[in-house]
Amino acid sequence: MAGLLEGHIAAVTGGGSGIGQGICQAYAREGARVVVLDVNLDGAHETVGLIKAAGGKASAVRLDVTDRQACRDIAATIARDGNISILVNNAGINRRNPITGDAAAVAKDWEDILSINLDGVFNVTHAFLDQLRATRGRIVNIGSIQSFVHVSWPNSAAYTTSKHGVLGFTRALAAELGKDGVRVNAIGPGLIETRINAEARAKNPDMVANVMRHTPLNRAGKPEDIAGPAVFLASDMSSYVTGCIIMADGGFRTV
Ligand code: NAP
């Protein structure tokens, strides 16, 4: 049986680790050729190795999503082998520090988090816009429970702001690009066990327990839990879905 993404070329930022790596593997399994973009080239190569070992097609490119010109250059290079039809804006960081802490450190957190998590989404999307319009493509942005709420994740004002922005950008682009046949959606993961929160989980078991008390499925997620919704939103299975966020959070936000 043909895969759901046969004939597609997908670019995934932050594809060298965690959720992005899981999405890359799932897209390749469904027949897409995957361009793994990550500031961490070793991680991107690891993802490509996993995909090729499973018989899929992938390549690795180093990209820092904060570098707008590099985003444009890489998009132009990729276009020589064909336009992408799927873009996943997944690269992101988080730091949990109180806004009342050291002023210079707070300002640095704000700049770093907003420039990667929000400006980066703009930089990459804008660089690939012509390709996505030409292919009537699909954009999948990675939001968060913190696209809505903050209370269970203290000390992360910049991250919460960035993920609210990702959801706003998703809705605005869906409205603007619908006429071109480009669908734009987001996924809101709950607590997914990846490197981004390894230290926080280890240092702060109370935070994890607090989240689990409010999570009907009563477990943390794995990158595979996000891959399914990401395949759905990139495939024709979601042909009439745009501007939405699918929460993949064990039920946290819904109940
Ligand atoms: P992860 O394992 O740390 O993966 C993030 C990847 O993005 C890493 O390879 C990282 O490289 C890369 N990256 C960081 N800065 C970059 C930049 N400037 N340009 C390009 N790539 C960059 O974390 P994850 O949990 O999979 O996170 C993926 C996305 O899911 C993020 O947007 C995150 O906010 C979101 N999310 C995660 C959770 C969760 O619980 N895990 C929940 C909700 C939303 P380095 O390792 O070198 O930094």
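In what follows, the accompanying structure is described. Every value quoted in this text rests on a predicted model; they were computed, and no experiment measured them. (Residues numbered from 1 in each chain as written. Predicted model: local features only at pLDDT ≥ 70, side-chain atom pairs only at ≥ 80, totals over all residues. Heavy atoms only, no water.)

1. Comments concerning the layout of surface pockets
Here is step 1: In this structure, the largest pocket spans a volume of roughly 1200 Å³.
Here is step 2: Gly92, Ile93, Asn94, Ile196 and Asn197 are the residues nearest the centre of the largest pocket, which is lined by 46 residues in total.
Here is step 3: Elements with a minimum of two residues in the lining of the largest pocket: α1 (18-29), β2 (33-38), α4 (103-134), α5 (157-177) and α6 (198-203).
Here is step 4: It is α6 that contributes the most residues to the lining of the largest pocket, four residues altogether.
Here is step 5: Of the residues that constitute the lining of the largest pocket, the class distribution is 20 nonpolar, 18 polar and eight charged.
Here is step 6: Reported here for the second largest pocket is a volume of approximately 160 Å³.
Here is step 7: For the second largest pocket, the lining is made up of 17 residues, of which Arg219, Gly221, Ala248, Asp249 and Gly250 are closest to its centre.
Here is step 8: For the lining of the second largest pocket, the residue count by class is ten nonpolar, four polar and three charged. (1 Å grid on protein atoms, 1.4 Å probe; cavity = no way out; pocket = protein on both sides within 12 Å on 5 of 7 lines; lining within 4 Å. Points joined across faces, edges and corners; volume = space filled by probe spheres on them. Helix = DSSP H or I, 4+ residues; strand = E, 2+ residues; numbered from the N terminus. Nonpolar A, V, L, I, M, F, W, Y, C, P; charged D, E, K, R; others polar.)

2. Looking at the sheet that holds strand β4 (residues 86-89)
Here is step 1: Within the open sheet, the seven strands sit side by side as β3-β2-β1-β4-β5-β6-β7. Their pairing is parallel. Each of the sheet's edge strands pairs with one partner strand only, and the pair in question is β3 (57-62) and β7 (245-248). Between one strand axis and the next, the sheet turns through 20° on average, direction left out of account.
Here is step 2: In the sheet, strand β1 (residues 9-13) pairs with β2 via five bridges, with the strands oriented parallel. Residue pairing in the sheet places Ala10 in a bridge with Val34 of β2. (Pairing = 2+ DSSP bridges. Axes fitted to C-alpha atoms, helices over the stretch in contact; angles between N-to-C directions.)

3. What to know about the site of the ligand
Here is step 1: With respect to spatial proximity, 28 residues lie near the ligand, and among them Ser17, Asp38, Tyr159, Thr194 and Arg195 are the closest.
Here is step 2: Lys163 places a side-chain nitrogen or oxygen 2.9 Å from an oxygen atom of the ligand.
Here is step 3: Of all the cavities here, the one that holds the ligand is the largest pocket.
Here is step 4: Every element with two or more residues in the shell around the ligand is listed here: α1 and α5.
Here is step 5: When grouped by side-chain class, the residues that make up the shell around the ligand number 13 nonpolar, eleven polar and four charged. (Near = heavy atom within 4 Å. Polar contact = N/O pair within 3.5 Å; in protein donor to acceptor, adjacent residues only side chain to side chain. Sits in = over half its atoms within 2 Å of the grid points.)

4. Regarding the packing of aromatic side chains
Here is step 1: For the structure shown, the criterion picks out one aromatic pair.
Here is step 2: In this structure, Arg253 is placed above the aromatic ring of Phe148, and the distance from its NZ or CZ to the ring centre is 3.5 Å. (Phe/Tyr/Trp six-rings, centres within 6.5 Å; stacked < 30°, edge-to-face > 60°. Lys NZ or Arg CZ within 6 Å of the ring centre and 35° of its normal.)

Keep in mind these values describe shape, not function.
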